[in-house]
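What the coordinates show
Chain residues, written in single-letter form:
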Amino acid sequence: MKFLEKLFSAGGNTAKKEEIGRNELCHCGSGKKYKRCCMEGDEKKRRKQLGLA
């Protein structure tokens, strides 16, 4: 699994997403915690990129 993540993480801003903790403010600027705002959508996008969804 780590191999696939490294393989597909070459493009995009995935590094920024990995730096965001669940309880930190969301990167979209809503003022909500990441886990309550964009985390689910970001995870769906990441799984789709990896071909897991």
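Please read these numbers as outputs of a predicted model, since none were measured by experiment.

Counting its secondary structure elements, the chain contains 3 helices and 0 strands. The order of helices and strands in the chain, counted from the N terminus, is α-α-α. The buried share of the chain, taken over its 53 residues, is 15%. For the chain, the computed accessible surface area is about 4,400 Å², with 52% contributed by carbon and sulfur atoms.

Enumeration over the complete set of coordinates arrives at 2 salt bridges. For R46, the salt bridge goes to E43, with nearest N and O atoms at 3.0 Å. On the criterion of helical spacing, the pair formed by R46 and E43 is a turn pair, its members being 3 residues apart in helix α3 (residues 39–50). The class for R46 is partly exposed, based on a relative accessible area of 30%.

With that out of the way, let us pick up the nonpolar core. Counting residues in hydrophobic clusters, the biggest one holds 5 residues: I20, C26, Y34, C38 and M39. Excluding anything up to four places from it in sequence, M39 contacts R22 and Y34.

Attention shifts here to the state of the cysteines. Per the stated rule, a full pass over the model turns up 0 disulfides. The structure places no disulfide on C26, whose sulfur is separated from the nearest cysteine sulfur, that of C38, by 3.5 Å. Looking at C26, the relative accessible area reads 7%, which means it is buried. We note that C37 lacks a disulfide partner, and the nearest cysteine sulfur, in C28, lies 3.6 Å from it.

Reading guide: rules and limits
Residues numbered from 1 in each chain as written. Predicted model: local features only at pLDDT ≥ 70, side-chain atom pairs only at ≥ 80, totals over all residues. Heavy atoms only, no water. Helix = DSSP H or I, 4+ residues; strand = E, 2+ residues; numbered from the N terminus. Buried < 20%, exposed > 50% of the residue type's maximum accessible area, 1.4 Å probe, protein only. Areas by Shrake-Rupley, 256 points an atom, 1.4 Å probe, with all protein chains shown as cover. Salt bridge = Lys/Arg side-chain N within 4 Å of Asp/Glu carboxyl O. Core = buried A, V, L, I, M, F, W, Y, C linked by side-chain atoms within 4.5 Å. Contact = heavy atoms within 4.5 Å. Disulfide = S-S within 2.5 Å.

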